[in-house]
Amino acid sequence: MRERGYYGDFGGSFIPEILVATFDELVDAFAEAKADPAFWREYETLMSSYSCRPTPLTYAENLTEHFGGGRIFIKREDLNHTGAHKANNVMGQGLIVKRMGKQRVIAETGAGQHGVAAATMAAKFGFDCTIYMGEVDVQRQRPNVFWMEQLGAEVVPVSSGTRILKDAINEAFRDWVTNMDTTHYVLGTACGPHPFPEMVTWFQSIIGSEARRQVLEQTGQLPARVYACVGGGSNAMGIFSGFLDDPVELVGVEAGGRGLETGEHASRLASDDASVGIAQGYKTYFLQDGDGQMKETHSIAAGLDYVGVSPILADLREAGRVRFAAATDEEVVEALRLTIRKEGLIPALESSHGFVQAFKEAPTLSRDDVIVINQSGRGDKDIFTVADAIGDPKWKQFIREKAEEYDA
Ligand SMILES: *Cc1c(COP(=O)(O)O)cnc(C)c1O
């Protein structure tokens, strides 16, 4: 990676003066860990004993038959502990925290998935843990808040601004400034100031190196295309990392929400609605208005609902190395239902965005071609949203009866 965390024109580190020494310490700790082969071995051992690594690469025979084109393989990040690739990042950062000798971690969370993963890591390593979460999200994501608290984390509802993810990020930085000697900020995706995009990508690259080895073992060839959904960009960077130097087409799929033309989406690199700016400590494409005010985003998948995007992905798009597409909420639910029926797999709504684009393109490829889709997480967490979208009457009845039980 390039100097000072720039990827072409993107990235960098725009932080308050007071945090410079803390970031320098982190940059050094990360550089030392990266240069130490024993560190990566420790990480792999931890992930194989705690989080089902290596995760399988599953041949989706029925979907392949259904579309009649390229052979579809699915990388099973849903089998990680806590149900998504997020475990790779938080456990890796946990090992870095241990190396730095700190005892407390903080994290931001929107939908709560990263908060649960970070709180899990803190429980395992014995760290104190505080999670910042917008008040609106605390209300919307009660099950995740429940688990974070059970895991021993303090969940702090943030009442400033619009009371969502970006406000939680600001609050986490404020905490860090006051407690930097004891505390590490576990950032949740391949965004933010240097070294986070590079560090998170490095931990997630375990997905891509496994997938490359597995696809060669199982098919004797490299895939024609690799698909991944893109929120902040960590699962995409993770799997793409394994194929960057190969003649493999890489496709990132963003949240098209109610359709790009409606403006209600979270598509930064597949739409023309985002522009380059500096916010939250780094430079990338943001969904912002002319004054740099962040726009409201929408996605059926809470984990993709973010205004910025990894500076590494912004650069890879500019270089023409990664192609971007968007999938609408409606397309996502349809792809999810098909995958459940055909393969007995339940991808997260986030992951299902990647499936949408792969399904559109699979019929145009031949049986000699291989397609890999990254199933970044499992979908059981989405039962409220999916059952609503499908309009299942028995589910509605169940919710009504539960509510009555509590009222009684
Ligand atoms: C959080 C999440 C995402 C989005 O984050 P990235 O950093 O873009 O990977 C995608 N899929 C799942 C299952 C998630 O939980």
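Below: a short report on this structure. (Residues numbered from 1 in each chain as written. Predicted model: local features only at pLDDT ≥ 70, side-chain atom pairs only at ≥ 80, totals over all residues. Heavy atoms only, no water.)

**Concerning the packing of helix α2 (residues 37-50) against helix α4 (residues 86-100)**
Packed helices, taken two at a time, are described by their axes: the angle between them and the distance between them. Interhelical geometry of α2 versus α4 gives an angle of 130° and a closest axis separation of 10 Å. With respect to each other, α2 and α4 are oriented oblique. The crossing of α2 and α4 is right-handed. Judged by residue contacts, Phe39, Glu42, Tyr43, Leu46, Met47 and Tyr50 of α2 engage Ala87, Asn88, Met91, Gly92, Leu95, Ile96, Lys98 and Arg99 from α4. For the contact of α2 with α4, the residue count by class is 9 nonpolar, 2 polar and 3 charged. (Axes fitted to C-alpha atoms, helices over the stretch in contact; angles between N-to-C directions. Helix = DSSP H or I, 4+ residues; strand = E, 2+ residues; numbered from the N terminus. Parallel < 35°, antiparallel > 145°, perpendicular 65-115°, else oblique. Left-handed = near helix turned anticlockwise from the far one by under 90°. Contact = heavy atoms within 4.5 Å. Nonpolar A, V, L, I, M, F, W, Y, C, P; charged D, E, K, R; others polar.)

**Comments concerning the nonpolar core**
Ile96, Trp176, Ile239, Phe240 and Leu313 are the most contacted members of the largest nonpolar core, which has 91 residues in total. Of all the elements, helix α9 (residues 196-219) adds the most residues to this core, at 8 residues. No fewer than three residues from each of domain 1 (6-48 + 85-196) and domain 2 (54-83 + 206-389) sit in this core. Ignoring any residue separated from it by four or fewer positions in sequence, one finds isoleucine 239 in contact with Lys75, Ile207, Gly208, Ala211, Val226, Ala228, Val372 and Asn374. If you look at the next biggest cluster of nonpolar residues, it comprises 30 residues, including Phe67, Ile72, Leu345 and Val356. (Core = buried A, V, L, I, M, F, W, Y, C linked by side-chain atoms within 4.5 Å. Buried < 20%, exposed > 50% of the residue type's maximum accessible area, 1.4 Å probe, protein only. Domains from an automatic or database assignment.)

**Some remarks on unusual backbone geometry**
At the junction of arginine 53 and proline 54, the peptide bond is cis and its omega measures out at -5° in the coordinates. Looking at where proline 54 falls in the secondary structure, it is placed in the loop between α2 and β3 (57-59). With omega at 10°, the peptide bond leading from histidine 194 into proline 195 counts as cis. Mapped onto the elements of the fold, proline 195 is located in the loop between β8 (183-185) and α9. Despite not being glycine, threonine 82 shows a phi value in the positive range, around 70°. Note on placement: threonine 82 falls in the loop between β4 (71-76) and α4. Classification of threonine 82 as partly exposed rests on a relative accessible area of 23%.

**Digging into the layout of surface pockets**
A volume near 250 Å³ is recorded for the second largest pocket. Lining the second largest pocket are 13 residues; nearest its centre among them are Leu336, Ile340, Ile346, Val386 and Ile390. Elements supplying a minimum of two residues to the lining of the second largest pocket: α12 (329-343) and α14 (383-390). Along the lines of polarity and charge, the residues of the lining of the second largest pocket split into 8 nonpolar, 1 polar and 4 charged. (1 Å grid on protein atoms, 1.4 Å probe; cavity = no way out; pocket = protein on both sides within 12 Å on 5 of 7 lines; lining within 4 Å. Points joined across faces, edges and corners; volume = space filled by probe spheres on them.)

**What to know about the site of the ligand**
Near the ligand, the surroundings consist of 16 residues, among which Lys86, Thr189, Gly231, Ser234 and Ser376 are the closest. Taking threonine 189, its side chain carries an N or O atom lying 2.5 Å from an oxygen atom of the ligand. Here an oxygen atom of the ligand and a backbone polar atom of glycine 231 are 2.7 Å apart. Protein chains shield 97% of the accessible area of the ligand, which is 390 Å² for the free molecule. Broken down by class, the residue content of the shell around the ligand amounts to 4 nonpolar, 10 polar and 2 charged. When residues of the shell around the ligand are assigned to domains, at least three map to each of domain 1 (6-48 + 85-196) and domain 2 (54-83 + 206-389). (Near = heavy atom within 4 Å. Polar contact = N/O pair within 3.5 Å; in protein donor to acceptor, adjacent residues only side chain to side chain. Areas by Shrake-Rupley, 256 points an atom, 1.4 Å probe, with all protein chains shown as cover.)

The quantities given are spatial measurements derived from coordinates; they are silent on function.
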